[in-house]
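Commentary on secondary and tertiary structure
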2 protein chains.
Amino acid sequence: MTAPQGDFLAACRRQPVERTPVWFMRQAGRSLPEYRALRGTGNILDAIRTPEMAAEITLQPVRRYGVDAAILFSDIMVPIAATGFGVTIQPGVGPVVDEPFATPADLARIRPLIPEIDAPYVAETVKIVVGELGVPLIGFAGAPFTVASYLVEGRPSRDYAKTKSLMYREPALWAQLIDRIADQAIASLLAQIDAGAQAIQVFDSWAGGLDAEDYRRYVQAASAKIFAAVADHAPGVPRIHFGVHTGELLGAMAEAGADVVGVDWRVPLPVALTRTGDGVALQGNLDPVACVAGWEATEPKARAVLDAARGLPGHIFNLGHGVLPQTDPDVLARLVDLVHTETAR
Amino acid sequence: MTAPQGDFLAACRRQPVERTPVWFMRQAGRSLPEYRALRGTGNILDAIRTPEMAAEITLQPVRRYGVDAAILFSDIMVPIAATGFGVTIQPGVGPVVDEPFATPADLARIRPLIPEIDAPYVAETVKIVVGELGVPLIGFAGAPFTVASYLVEGRPSRDYAKTKSLMYREPALWAQLIDRIADQAIASLLAQIDAGAQAIQVFDSWAGGLDAEDYRRYVQAASAKIFAAVADHAPGVPRIHFGVHTGELLGAMAEAGADVVGVDWRVPLPVALTRTGDGVALQGNLDPVACVAGWEATEPKARAVLDAARGLPGHIFNLGHGVLPQTDPDVLARLVDLVHTETAR
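Attention in this report is confined to the structure presented alongside it. (Residues numbered from 1 in each chain as written. Chains lettered and ligands numbered in written order. Predicted model: local features only at pLDDT ≥ 70, side-chain atom pairs only at ≥ 80, totals over all residues.)

Let's shift gears to the nonpolar core. Ranked by size, the top nonpolar core spans 254 residues in total, and within it Ile138 and Ile200 of chain A together with Ile138 and Ile200 of chain B carry the most contacts. With sequence-adjacent residues up to four places away left out, Ile138 of chain A is seen in contact with Ala69, Ala70, Ile71, Leu72, Ala197, Ala199, Ile200 and Gln201 of chain A. (Core = buried A, V, L, I, M, F, W, Y, C linked by C-beta atoms within 7 Å. Buried ≥ 20, exposed ≤ 12 C-beta atoms within 10 Å, placed from the backbone. Contact = placed C-beta atoms within 7 Å.)

As C-alpha cells, this is what we get:
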C-alpha cells in the first residue's frame, strides 16, 4: 500500500482533496522567533550554505503551523552567487550586485551551474529535509526576468529602467542573458528534484513590471524553457509559476508551462482563472497585510478567499506575496486551522 | 466668436478632436535641464511657494514640447504641509512625515485648508500660468488613500502595511482621516479652478495596493466626495482619476465620479475600457521606461498605444506613470510630434 499523495500535490494536479492545502511564501523566515534565534545576525547566504541549519529553518514552519508543504530555505540568487557573479543579500535591502551586468563581456560572468560542485549544500539540505518531513517539499528557482533585474540594476528597483532598456535596446544580448539564467535555474531545479523535492516553484516576482506584449516577446521563452525542462526530467512534478502585479500576465504565465499559477491579492481567483484559462490550478491569494492587522482583520479576508475559491478545479491556499516579517505567527497558525476546518470534505 | 475648446478638453469630454491630445505626468520636472537650472538645489516646497518660479516651471514643458495641456507645478502634500502637519519632501525619497498619524488625537493635526490663507501661492501661480498659457491648465490634488499612506507610514512604502492595518482595525478613525484629507483636496481643487484651472486630476497613485473590495469599502466614498464637489462647483471641468497598479480598480475608480480614467502601461486601453465601462475617456498609457531606452524603443511602443486607442470614445495620450528623471527631453519632443502627426484628422 502506498501513501496517499496528500492534498498539496492533489490540488496542484487538480485532483480531489480532503481539505484545501495551505502553505505560505516566506513561511520560513523572520516572522518566526525560532528562525531569528537560530539565524542570529549571520549572513543569509552562509545560512543557506549550512545544510543542517537550512534544513532546520525549512522545517520550523511545518512543525509550528502544520502547513501542507515545505519550501526549501534558500534564495533565488543562490545559483548566481555560487557561480561567482558577485552578489550579496543585504538585510533590509535585498540582493546587491558588486558590478552590474551591462555589456556582452559580462555574459562570461554567468557560467553554467554545476549543482554538485558549485552548490552541493542545496541538495544536501533537500535530503535532510525530505528525510524528516511528512509533507512535500517545494524546490524553487528565480525566473529569468526577475534574476536579470537584479544583475542589471545592481539592486532592487522600482521601475526596472535599466533592465527594460537593455531588453529593448539589445534584444540579442538580453536573450543570451536570460537564457543563461534559465539554464542555471534548470540545473538547480533538477538537482533539487533529484534530491527529493516533490514540486517546484519559479519566482518571477517582478515580471509584473512588464506589459503582456513585452512579457511574451522578451521573457516568456526563457521561462518556458525552464518549465519544459522540468516536465521532461520529472513529468509528475507540479510546476508553480508566481509573480506579483501580474494581473495582466496570468494567461502568458500559464502558457509558459505552469501547472499552478500563483495569484497576488489584487485579482479575485475566479477572475484569475478566466485569464489563465482552465488548464491550471491556482495558488493564493490573501493579502499579506491582512495578516499583520490582527486576526479580526485576517479572518474575513481569508474567508473571502475561500469563498472565491469554491468550485475552482484546484486551489492551494497561500498569501498573495510573502509573509511580512512583522507577522504574528499565531495569526498564521489560526489561518491554517481556518482553511483546514472550513474546507474539510 | 469664441475660441475652440481645444483637443485636450474635447477628448476629456469624449467629443471630436483634430488630433489626439498629449501631455505627460511630471512633464515639469527633473528631466528638463531648464528645470534643473531654475530650481538648483533648493527645497521643492519652497519652489512651490514662489509663484513666479512655480509658474515658470509649469510653462517650461509647454514651450519645449507643444503639449496640449499644462499641469500645475505643485505636490500632493501641499495642503497637508500648508496646514502644519509636518512634512518635508526629501530629494530621491519623497514625502517624509515628522510624526506619523497613529491615533485619534492626530486628527486634530489635519484641520481644514483655507486656500487663500494657508496656501495663497497656489492660486497666484495658477493665475500667472493661465495668463501666459495657450492650452488648458490641469489643477490637481492627492487622493485620500495616497495622502493617508504618507501620513500613516511616515514615508513612501512598498506594502502600506501600517496604512491598511489602520484601515482594517480602526475603520471609524480611518474614515475620519480620509474624510479630512478629502475636504482639504476639495478646498484646494476649487481654489485652483476658481483661479483658472480648466481640468483637474486626482492622483491616487498608490490605490493599486488595495484589492477592489477594500477600495470600495474603505476608500471610494472619500474619493467620490471630491469628484462630486468639483462637479457641483464647476460642472464643466473634466475630472481625471489616476493611479498605478490599478488594473483591477478601473471600474471602481470610474464609479467614483471621474470623466477620465488614467491607465498604467500594464492594461491595454481597450481592455481598460471594458473595466471602466463606456462612460469615460481614457488617459495613457505608454510605459515611462520606453522613453528612457532611446527613440528606437519609444516609437514602436508609442505606436502600439495609438493603435490600441483607435476608436476609443476619448483618448488623451500620456505615459502610464510620471516621466522618469533620466528621460531625454528630445525623446518626449519626438513623441509629441508622433502623436500629433499620426492622429491628425
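From this point, the discussion proceeds with the structure in view.
This brings us to the interface of chain A and chain B. Across the boundary between the two partners, chain A contributes 24 residues, which contact 24 residues of chain B. If you list the elements that add at least two residues to the side of chain A that touches chain B, you get helix 9 (161-169) and helix 14 (295-309) of chain A. The element best represented in the side of chain A that touches chain B is helix 9 of chain A, accounting for 5 residues. Residue classes in the side of chain A that touches chain B are distributed as 12 nonpolar, 4 polar and 8 charged. (Helix = DSSP H or I, 4+ residues; strand = E, 2+ residues; numbered from the N terminus. Nonpolar A, V, L, I, M, F, W, Y, C, P; charged D, E, K, R; others polar.)

Residue and element names in this part refer to chain A. What the 7 strands build is an open sheet, ordered 1-4-5-6-7-8-9; its pairing is parallel. The sheet is open, and its two borders are formed by strand 1 (70-71) and strand 9 (315-319), each paired with just one other strand. Across 2 bridges, strand 1 lies against strand 4 (residues 137-142) in parallel orientation. Note on strand 4: the bridge partner recorded for Ile71 is Ile138. (Pairing = 2+ DSSP bridges.)

This next bit is on the sheet that holds strand 6 (residues 239-242) of chain B. Residue and element names in this part refer to chain B. Spatially, 7 strands are ordered 1-4-5-6-7-8-9 in an open sheet, and the strand pairing comes out parallel. The sheet is open, and its two edges are formed by strand 1 (70-71) and strand 9 (315-319), each paired on a single side. Bridge count between strand 7 (residues 260-262) and strand 8 (residues 281-286): 3 bridges; the pairing is parallel. Bridge pairing in strand 8 places Val261 opposite Leu282. On top of the sheet, helix 10 (residues 171-195) reaches strand 4 (137-142) and strand 5 (199-203); it is set at about 170 degrees to strand 4, its chief contact. (Axes fitted to C-alpha atoms, helices over the stretch in contact; angles between N-to-C directions.)

As a further point, take the pairing of strand 6 (residues 239-242) of chain A. Residue and element names in this part refer to chain A. The alternating pattern of strand 6 places Arg239 and His241 on one face and Ile240 and Phe242 on the opposite face, and all of these are buried. Relative to strand 6, strand 5 (residues 199-203) runs parallel, the two being bridged by 4 bridges. By the bridge assignment for strand 6, Ile200 is matched with Arg239. In this region the chain leaves strand 5, passes through helix 11 (residues 212-233) and returns to the parallel neighbour strand 6; the handedness of that crossover is right-handed. Sheet topology places strand 6 next to strand 7 (residues 260-262); 2 bridges connect them, and they run parallel. Bridge pairing in strand 7 links Ile240 to Val260. Handedness of the crossover is the feature at issue here: the chain leaves strand 6, passes through helix 12 (residues 250-255), returns alongside strand 7, and the resulting connection is right-handed. (Right-handed = clockwise from strand over helix to strand, strands pointing away.)

None of this, on its own, says anything about what the molecule does.
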